[in-house]
Amino acid sequence: MSYYMYDGSNEVTPWERMFATMNGEKLDRVPVHVYPRWAGLEYIGVTFKQAWDNPDLYVKGQIMAQQRFQYDCVIDYDMMGPVEEAIGATLKYPDDDCPQIAEPFIKTKEDMKRAKWKLDPRKDGNMPKVLQCIRRLKEELIKAGNGTQRVPIMTWGSCPSRTAACLTGFKEWFLIVARDPDWAVELMENALDGWLQMVIAAHEAGCDCVWVNDPVSSADCISRKHYDTLTQPFQRKFIEAIRRETGMKIIFHPCGNWHDRLDLVYQNQADGYFLGPMNIDLCAQKAAEVRDAGLNPHLKFLNGNYGAGTKTSTADRKPVPYATTLKFGTPDELIEEAKIVINTVEGADLRCMLGPNCWEPKGTSFINRDATIYAARRYGSYDKKAE
Amino acid sequence: MEILQEITKAVYDGEEQTTVELVKKALAEGLRAQDIVDQGLVKGLHECGAGYEAGEKFIPEMLMAAEAMKASMAILKPHLVAGESVAGAKVVLATVEGDVHDIGLELVATMLGSAGFEVNFMGPDVETSRIINAVKEDKPQLLGLSALLTNTMDVMPVILKQLEKEGLRNSLKVIIGGAPVSQDFANLIGADGFAYDAAAAVPVAKKLVS
């Protein structure tokens, strides 16, 4: 059977659905957002490098994949390192994967002086290219909507701790955290502004919302004490600066296992949280507690995280596999997990934005992509109580 | 021996300088180098690994313990008798192509090295052809592959297929690890073993080569 049976023509627009959810309101149903970089590239059959060399290909892929899979949001080039590159790091551009830092740029405190910390996203490095892609995406979305932008564009920003870790190398970063916390603070102070400027410029180029992430502060990585005293304050500073400068809705992605510090992460003042491989009951419960205690008045929704609704993950509070349900699960498994996630999040009176617990993986089947939308329609409708 | 307990504690606490001084003192007192490794250093690293499993220790602390271990091993190496190591098996370790994350794998290398394996740590982002060549040249009993990203875990089955194509698969065991990887994934691609983290890798590796 095919779950692809909806043309969307008589429905609420994805833009309206996404913003209702981000504002904590119920419209027709829960939206679906899977960070669909690979959906776009794979649907039109191009590699990341081809789309990087020709931004119009990237734009075409995003728009066609959105129309085909009925996702509620498109994304820009997303989660690559144009800021780190402009600061001075060297990026490696693989043929069919997103760029990564080739080698650590800051090995000693002396190297801090080599870095270009004050950046102009309109001029420096490859940042203008990313902005150009956003402008083209905006233009084409408006054309596709006959003058109305029906689908929002999400951009991405790197938290200061992540940027610092990218610049020093992850191993050195963790040793700095343990041995020289003052240097860690100095690195994060310097790292914050580049990505803030980039997010502001992305907003001016046409992005409508933003997600930010931190893969180096989870319970897999550092202690709760280090998180509380070192990196969480910089997450909060970054998020509050984005809100102040752009007014955009902000999703924070706690990448990995954050079970022992959910109370702290929910206080970094994001509007919603793109949950990693964590127990959905605990995530929803802690989010409601933080909201009800008035510790984050912005907190309205949770994004994610099927893969978390499996029996093994709800039986205890250990991490669950990353994104493997979307890639390796059957449509029935995926729909069942989506149902659990929707019911749990909505049951805590938070809005659910359905998606996996990690970036949408490469090579996800069409039927699983379609099953995601099916699950949102079947179990995420506000017109009738989810079963 | 009290000094071995002190070494264990110094490694556990990640006190590199203290560990090195204690190791020198232990040698001066006439302790066997292998005993210092097994009953002092390795014990400390394993206790740190257990602390990581229990959520009491984290990557910075694990790295500091590994650094203390490595600095001590540099002193002890000339004193270790050839063939005295625990397993004596060769292992090649690599993070697959396209993935620059190798902290976990470096910890695996340190722990396998301390357990007596002869380790060829190839580091991050290693092209498949280089891994195949390393298997041909080193003739290891074990190949360890790591990936942190859902995108790069797909390289693992490619490597396994290439090993088969080159007639190398039957001569070695393959263990995989990394955040997105699971036992189910190991079964799916035909790997021989899976370890969630560095602490779990040593017993799996020992079992596979025994």
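Residues numbered from 1 in each chain as written. Chains lettered and ligands numbered in written order. Predicted model: local features only at pLDDT ≥ 70, side-chain atom pairs only at ≥ 80, totals over all residues. Heavy atoms only, no water.

### Some points on the overall build of chain B
Then comes step 1: A tally of regular secondary structure across chain B gives nine helices and five strands.
Then comes step 2: Reading the secondary structure of chain B in the N-to-C direction produces α-α-α-α-β-α-β-α-β-α-β-α-β-α.
Then comes step 3: For 210 residues, the compact-globule estimate of 2.2 N^0.38 gives 17 Å, and chain B sits close to it at 17 Å.
Then comes step 4: Its C-alpha atoms put chain B at 55 × 35 × 25 Å along the principal axes.
Then comes step 5: Sorting the 210 residues of chain B into buried and exposed places 55% on the buried side.
Then comes step 6: For chain B, restricting intrachain contacts to residue pairs at least 6 apart in sequence, the fraction spanning at least 24 positions comes to 70%.
Then comes step 7: As presented, chain B carries roughly 9000 Å² of accessible surface, and 50% of it is formed by carbon and sulfur atoms.
Then comes step 8: Charged side chains of chain B number 18 positive and 30 negative; the gap between the two group centres comes to 6 Å. (Helix = DSSP H or I, 4+ residues; strand = E, 2+ residues; numbered from the N terminus. Rg over C-alpha atoms; globule rule 2.2 N^0.38 Å. Buried < 20%, exposed > 50% of the residue type's maximum accessible area, 1.4 Å probe, protein only. Contact = heavy atoms within 4.5 Å. Areas by Shrake-Rupley, 256 points an atom, 1.4 Å probe, with all protein chains shown as cover. Lys, Arg positive; Asp, Glu negative; His and termini not counted. Charge placed at Lys NZ, Arg CZ, Asp CG, Glu CD.)

### Looking at the environment of M248 of chain A
Residue and element names in this part refer to chain A.
Then comes step 1: Relative to the helices and strands, M248 is located in the loop between α10 (224–246) and β6 (249–254).
Then comes step 2: When the C-alpha atoms of M248 and N54 are compared, they prove to be 28 Å apart, with 194 residues separating the residues in sequence.
Then comes step 3: Contact partners of M248, with chain neighbours within four places excluded, come to T155, V199, H203, C207, D208, C209, V210 and D271.

### A short note on the environment of L264 of chain A
Residue and element names in this part refer to chain A.
Then comes step 1: Turning to its location among the elements, L264 is positioned in helix α11 (residues 262–265).
Then comes step 2: For L264 and V290, which are 26 residues apart along the polypeptide, the C-alpha to C-alpha distance reads 8.9 Å.
Then comes step 3: Once residues within four sequence positions are removed from consideration, L264 is found in contact with R224, Y227, D228 and Q232.

### Details of the pattern of salt bridges
Residues and elements named next belong to chain A.
Then comes step 1: For the structure on display, the rule yields 42 salt bridges over all chains.
Then comes step 2: R136 is the salt-bridge partner of E140, the closest N and O atoms lying 3.1 Å from each other. Taken together, the residues span about one helical turn, with E140 and R136 both in helix α6 (residues 127–144) at a distance of four residues. With respect to class, E140 is no different from R136; both count as buried.
Then comes step 3: Salt-bridge contacts for E245 lead to R244; the nearest nitrogen and oxygen are separated by 4.0 Å.
Then comes step 4: With relative accessibility at 44%, the residue E245 sits in the partly exposed group. (Salt bridge = Lys/Arg side-chain N within 4 Å of Asp/Glu carboxyl O.)

### Section: the sheet that holds strand β5 (residues 209–214) of chain A
Residues and elements named next belong to chain A.
Then comes step 1: Strand order in this open sheet of seven strands is β1-β4-β5-β6-β7-β8-β9, and the pairing throughout is parallel. In this open sheet, the two edge strands, each paired with only one partner strand, are β1 (74–75) and β9 (351–356).
Then comes step 2: Strand contacts of helix α7 (residues 160–168): β4 (153–158) and β5, with the helix running at about 60 degrees to β4, the strand carrying the most contacts. (Pairing = 2+ DSSP bridges. Axes fitted to C-alpha atoms, helices over the stretch in contact; angles between N-to-C directions.)

### Some thoughts on the interface of chain B and chain A
Then comes step 1: Each side of the interface is counted separately: chain B has 28 residues, and chain A has 28 residues.
Then comes step 2: Summed over both partners, the interface of chain B with chain A buries about 2300 Å², with 59% contributed by carbon and sulfur atoms.
Then comes step 3: Contact with chain A buries area across many residues of chain B, yet F58, T150 and N151 of chain B alone supply 25% of it, more than any other trio.
Then comes step 4: Connecting chain B to chain A are four salt bridges.
Then comes step 5: Our enumeration of links across chain B and chain A arrives at six residue pairs in polar contact (both at pLDDT 80 or more).
Then comes step 6: Only α4 (59–76), α5 (103–114) and α8 (183–189) of chain B provide two or more residues apiece to the side of chain B that touches chain A.
Then comes step 7: In terms of residue class, the side of chain B that touches chain A is built from 15 nonpolar, five polar and eight charged. (Buried area = accessible area lost by both parts, 1.4 Å probe. Polar contact = N/O pair within 3.5 Å; in protein donor to acceptor, adjacent residues only side chain to side chain. Nonpolar A, V, L, I, M, F, W, Y, C, P; charged D, E, K, R; others polar.)

### Concerning the domain arrangement of chain B
Residues and elements named next belong to chain B.
Then comes step 1: Domain boundaries assigned for chain B yield domain 1 (2–79) and domain 2 (84–209).
Then comes step 2: Relative placement of domain 1 and domain 2: their C-alpha centres are 25 Å apart.
Then comes step 3: Each partner contributes to the interface: domain 1 provides 16 residues, whereas domain 2 provides 11 residues.
Then comes step 4: Regarding the contact of domain 1 and domain 2, the summed buried area is about 1200 Å², with carbon and sulfur atoms giving 67% of it.
Then comes step 5: Linking domain 1 with domain 2 are one salt bridge, by the criterion used here.
Then comes step 6: Between K70 and E106 there is a salt bridge whose closest N-O contact spans 2.9 Å.
Then comes step 7: At the junction of domain 1 with domain 2, the criterion picks out one residue pair in polar contact (both at pLDDT 80 or more).
Then comes step 8: Put simply, the parts of the chain that give the side of domain 1 that touches domain 2 at least two residues each are α3 (33–53) and α4.
Then comes step 9: At nine residues, α3 tops the list of elements feeding residues into the side of domain 1 that touches domain 2.
Then comes step 10: Tallied by class, residues from the side of domain 1 that touches domain 2 come to nine nonpolar, three polar and four charged. (Domains from an automatic or database assignment.)

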